Amino acid sequence: MLHFQVRPLGPDDHARVCEVLTERWGSPRIVTRGLVHAADELPGFAADADGRIVGLITFRIETGQCEIVSLDSLAQGHGVASALVAAVRRAARTAGCTRLWLITTNDNVRALHFYQKRGFVLVAVHRNALDLSRRLKPEIPVVGAHGIPLRDEIELELPL
């Protein structure tokens with residue numbers, strides 16, 4: 001079993017955060033609902049094991065709602081992603097948020113399974129939203145996981 005600690009991101013993490021986001025998302029820029037987020041500049045948490053980051057989550061809080069912008073586990077199957085989501089959930093509650101939400105894409109079956117298993121519910125399908133997202137971030141591929149064409153954003157939420 002992997003032993004890790006979850007901690008808030010700090011200024012010393014910036015280079016590694018950029019590296020992870022670029023490896024996993026094509027760049028530190030992430031697009032959700034037509035907004036471009038500089039995810040490397042957002043608050044977040046890291047999961048550390050043996051002096052290395054094994055997980056990363058970024059989020060933004062606005063008008064009483066907290067959006068998970070990115071979540072990456074570099075050590076799957078050890079509870080890293082669950083611990084990171086729990087940390088954001090606590091931060092959102094502390095900030096007085098009433099809703100924790102996120103966007104994933106129609107090909108991301110793994111994320112749909114993960115979030116629903118943790119109590120998130122599907123609240124919207126934004127059809128063909130990735131057409132706009134690609135105009136804002138051209139590096140978004142046309143085909144995603146399992147050979148599924150990337151077209152739609154799926155919104156999930158967890159009331160707090």
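Owing to the predicted nature of the structure, the values given are computational and were not obtained by experimental measurement.

Caption draft 1: Quick peek at the pairing of strand S9 (residues 153-159). Of all seven residues making up S9, six are buried, and the element is well covered by its neighbours. Pairing geometry for strand S7 (residues 99-105) and S9, over seven bridges, is antiparallel. Opposite Thr 105, over in S9, you have Glu 153 as the bridge partner. Of the pairings in the sheet, the one linking strand S8 (residues 121-126) to S9 comprises five bridges and is antiparallel in character. Paired with Val 125 across the two strands is Ile 154, which belongs to S9.

Caption draft 2: Representation of the nonpolar core within the structure. Formed by 29 residues in total, the largest nonpolar core has its most connected members in Ile 57, Ile 68, Leu 71, Val 85, Val 88, Tyr 115 and Phe 120. Elements supplying a minimum of two residues to this core: strand S4 (44-49), strand S5 (52-62), strand S6 (65-73), helix H2 (80-94), S7, helix H3 (109-117) and S9. Ranked by the residues each element gives to this core, the list is headed by H2, at seven residues. In this structure Val 85 touches Ile 57, Ile 68, Leu 71, Phe 114, Tyr 115 and Phe 120, once residues within four positions along its chain are discounted. Among the nonpolar cores identified, the runner-up in size contains eight residues, and Val 20, Ile 30, Ala 39 and Leu 56 belong to it.

Caption draft 3: Local environment of H2. Taking 1.5 Å per residue, 15 residues should reach 21 Å; H2 reaches 21 Å between its end C-alpha atoms and fits that length. Along H2, the residues classified as buried are Val 80, Ala 81, Leu 84, Val 85, Ala 87, Val 88 and Ala 92. Angularly, the buried residues of H2 cover 155 degrees about the axis, an arc narrow enough to put them on a single face. Residues of H2 that are exposed and point more than 90 degrees away from the buried face comprise Arg 90 and Thr 94.

Caption draft 4: Up close: the pairing of S6. Judged by how many residues are buried, S6 sits mostly within the fold: eight of nine residues are covered. Strand direction decides the pairing type here: S5 and S6, joined by eight bridges, are antiparallel. Residue pairing across strands places Thr 58 opposite Ser 70, the latter belonging to S6. Two elements, S6 and S7, share four bridges in a ladder whose sense is parallel. Each residue of the ladder has a partner; that of Ile 68, found in S7, is Leu 102. Note on the crossover from S6 through H2 to S7: the handedness is right-handed.

Caption draft 5: Here's a closer look at the sheet that holds S8. Spatial strand order, S1-S4-S5-S6-S7-S9-S8: seven strands in an open sheet with mixed pairing. Edge strands, defined here as strands with exactly one partner in the open sheet, are strand S1 (5-8) and S8. Pairwise comparison of adjacent strand axes, ignoring direction, gives a mean angle of 25 degrees for this sheet. Against the sheet, helix H1 (residues 14-25) engages S5 and S6, with an angle of about 80 degrees to S6. Docked against the sheet, H2 engages S1, S4, S5, S6, S7 and S9, running at close to 30 degrees with respect to S5.

Parameters at a glance
- Residues numbered from 1 in each chain as written.
- Predicted model: local features only at pLDDT ≥ 70, side-chain atom pairs only at ≥ 80, totals over all residues.
- Heavy atoms only, no water.
- Buried < 20%, exposed > 50% of the residue type's maximum accessible area, 1.4 Å probe, protein only.
- Helix = DSSP H or I, 4+ residues; strand = E, 2+ residues; numbered from the N terminus.
- Pairing = 2+ DSSP bridges.
- Core = buried A, V, L, I, M, F, W, Y, C linked by side-chain atoms within 4.5 Å.
- Contact = heavy atoms within 4.5 Å.
- Expected span 1.5 Å × (residues − 1).
- Arc of directions from axis to C-beta.
- Right-handed = clockwise from strand over helix to strand, strands pointing away.
- Axes fitted to C-alpha atoms, helices over the stretch in contact; angles between N-to-C directions.

Just geometry here; none of it tells us what the structure is for.
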